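A closer look at the structure
Here is how the chains run, residue by residue.
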Amino acid sequence: MKEIFKNNCKISASILNADFMNLGKEIEMVEKAGVDMLHIDVMDGNFVPNITLGQPIVKEIRKHTKLFLDVHLMIKNPDRHIDSFVDSGADLINVHVEECKHLDRTLNYIKQHGIKAAVALNPATPLCFVENVFKYLDMILIMTVNPGFGGQQFIGEMVYKIQKLKTMINDYQNYSDNRKNIDIGVDGGINLETAPKVVAAGANVLVLGTAIYKASNPREIIESARRKFIL
Ligand code: DX5
Ligand code: ZN
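The rules we used
- Residues numbered from 1 in each chain as written.
- Chains lettered and ligands numbered in written order.
- Predicted model: local features only at pLDDT ≥ 70, side-chain atom pairs only at ≥ 80, totals over all residues.
- Heavy atoms only, no water.
- Helix = DSSP H or I, 4+ residues; strand = E, 2+ residues; numbered from the N terminus.
- Rg over C-alpha atoms; globule rule 2.2 N^0.38 Å.
- Buried < 20%, exposed > 50% of the residue type's maximum accessible area, 1.4 Å probe, protein only.
- Contact = heavy atoms within 4.5 Å.
- Areas by Shrake-Rupley, 256 points an atom, 1.4 Å probe, with all protein chains shown as cover.
- Lys, Arg positive; Asp, Glu negative; His and termini not counted.
- Charge placed at Lys NZ, Arg CZ, Asp CG, Glu CD.
- Pairing = 2+ DSSP bridges.
- Axes fitted to C-alpha atoms, helices over the stretch in contact; angles between N-to-C directions.
- Donors = N, O, S within 2.8 Å, 3.2 Å for Na, K, Ca; no water.
- Tetrahedral: all angles 85-135°; square planar, octahedral: opposite > 155°, others 65-115°.
- Salt bridge = Lys/Arg side-chain N within 4 Å of Asp/Glu carboxyl O.
- Parallel < 35°, antiparallel > 145°, perpendicular 65-115°, else oblique.
- Left-handed = near helix turned anticlockwise from the far one by under 90°.
- Nonpolar A, V, L, I, M, F, W, Y, C, P; charged D, E, K, R; others polar.

Concerning the overall build of the chain
- In terms of regular secondary structure, the chain is built from 8 helices and 8 strands.
- Computed over C-alpha atoms, the radius of gyration of the chain comes to 16 Å, within 12% of the 17 Å expected from 2.2 N^0.38 for 231 residues, which places it in the range of a compact globule.
- With respect to the principal axes defined by its C-alpha atoms, the chain has extents near 45 × 45 × 30 Å.
- The 231 residues of the chain split such that 53% are buried.
- For the chain, contacts bridging at least 24 residues in sequence account for 66% of all contacts bridging at least 6.
- Approximately 10,800 Å² of the chain is accessible, and the part contributed by carbon and sulfur atoms is 49%.
- Charged side chains of the chain number 27 positive and 27 negative; the gap between the two group centres comes to 2 Å.

Below, the structure written as structure tokens:
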């Protein structure tokens with residue numbers, strides 16, 4: 001693997017495809033294997049077709065692990081639920097731009113709680129929707145599948161979108177006083193084959209769901225990703 005793929009990457013394990021009857025053990029396994037974050041997919045059967053889990057489960061997960069909790073809200077009216085997810089123990093709240101009429105206000109509100117803020121963009125959503133809110137953002141999540149389900153195929157065109165976003169962030173850091181780091185996350189169909197492409201384009205937070213939880217040896221996948229993508 002060429003050095004170019006090595007980066008200050010973080011690995012975020014998506015529990016969507018974990019064994020929910022053994023969730024505690026499934027989380028313990030990825031924590032021991034060295035992931036940096038836990039990615040929790042909250043779906044409401046409305047913004048996306050699927051329904052998953054909510055605040056009570058996040059609260060239980062918070063008691064069980066010290067991992068950074070990255071909560072991906074695929075729900076209508078996310079503003080209504082920010083307080084309760086903060087109370088449940090989220091370290092980062094990620095809202096979908098397509099659901100936020102007043103994105104500046106929503107992100108400002110998340111930041112006021114002293115946690116990290118992120119915004120997610122569906123594959124068809126243009127980057128210009130987030131270009132005026134960089135000052136609030138700790139991460140921008142590029143959806144590399146249409147959200148709703150785990151185990152979908154990576155959409156190759158998103159590599160160009162990641163490259164463009166990297167350039168936009170660099171420009172912002174060069175021309176504004178606000179030089180804070182903004183992570184580029186990728187979510188959907190990320191595995192050891194697709195990850196090098198997105199990392200080379202500028203992504204540094206890799207959400208891995210199926211690649212970990214449906215692997216015959218999940219620990220080996222995590223260790224291999226760490227060796228390849230983390231300096
Ligand atoms: C998709 C979810 C993803 C998903 C990733 O709607 O937001 O986080 O769990 O899973 P894989 O890695 O299986 O695509
Ligand atoms: Zn997700």
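Okay, back to it.
Side note on the sheet that holds strand β2 (residues 37-43)
- The strand order around the closed barrel formed by 8 strands is β1-β2-β3-β4-β5-β6-β7-β8, and the pairing between neighbours is parallel. Between one strand axis and the next, the sheet turns by 25° as a mean value, whatever way the strands run.
- For strand β7 (residues 183-187) and strand β8 (residues 205-208), the ladder comprises 3 bridges, and the chain directions are parallel. Within β8, the position partnered with Asp187 by the bridge is Val207.
- Packing of helix α4 (residues 103-112) onto the sheet brings it into contact with β4 (92-96) and β5 (116-121), and relative to β5 it is tilted by some 145°.
- Against the sheet, helix α5 (residues 158-175) makes contact with β5, β6 (139-143) and β7, and its axis sits at roughly 165° relative to β6, the strand it touches most.

Focus: unusual backbone geometry
- Despite not being glycine, Asn77 shows a phi value in the positive range, around 45°.
- Within the element layout of this structure, Asn77 appears in the loop between β3 (68-74) and α3 (82-88).
- On the basis of relative accessibility, which here comes to 41%, the residue Asn77 falls in the partly exposed class.

Side note on the coordination of the zinc ion (ligand 2)
- Within the protein, the zinc ion (ligand 2) binds to His39 (NE2), Asp41 (OD), His72 (ND1) and Asp187 (OD); these donor distances fall in the range 2.1 to 2.3 Å.
- Given 6 donor atoms and angles of 71 to 172° at the metal, the environment of the zinc ion (ligand 2) is assigned as octahedral.
- Between consecutive donor residues of the zinc ion (ligand 2), the sequence gaps follow H-x1-D-x30-H-x114-D. Of this pair, Asp41 sits in strand β2 while His72 sits in strand β3, and the two are 31 residues apart along the sequence.

Structural notes on the pattern of salt bridges
- Using the criterion set out here, one finds 7 salt bridges in the structure.
- Across the salt bridge formed by Glu28 and Lys32, the nearest N and O atoms sit 3.5 Å from each other. Here Glu28 and its partner Lys32 are both found in helix α1 (residues 23-33), 4 residues apart, which amounts to about one turn of the helix.
- Where Glu99 meets Lys76, a salt bridge forms, and the shortest distance between an N and an O atom there is 3.5 Å. Remark: Lys76 occurs in the loop between β3 and α3 and Glu99 occurs in the loop between β4 and α4; sequence separation between them is 23 residues.

Observations regarding the packing of α1 against helix α2 (residues 55-64)
- Packing of α1 against α2 leaves a shortest axis separation of 11 Å and a crossing angle of 50°. If you check the angle between α1 and α2, you find them oblique. Our pair here, α1 against α2, has a crossing hand that is right-handed. When α1 is examined against α2, the residues Leu23, Gly24, Ile27 and Glu28 are found in contact with a partner set consisting of Ile57, Ile61 and His64.
- Its residues assigned to classes, the contact of α1 with α2 comprises 4 nonpolar, 2 polar and 1 charged.

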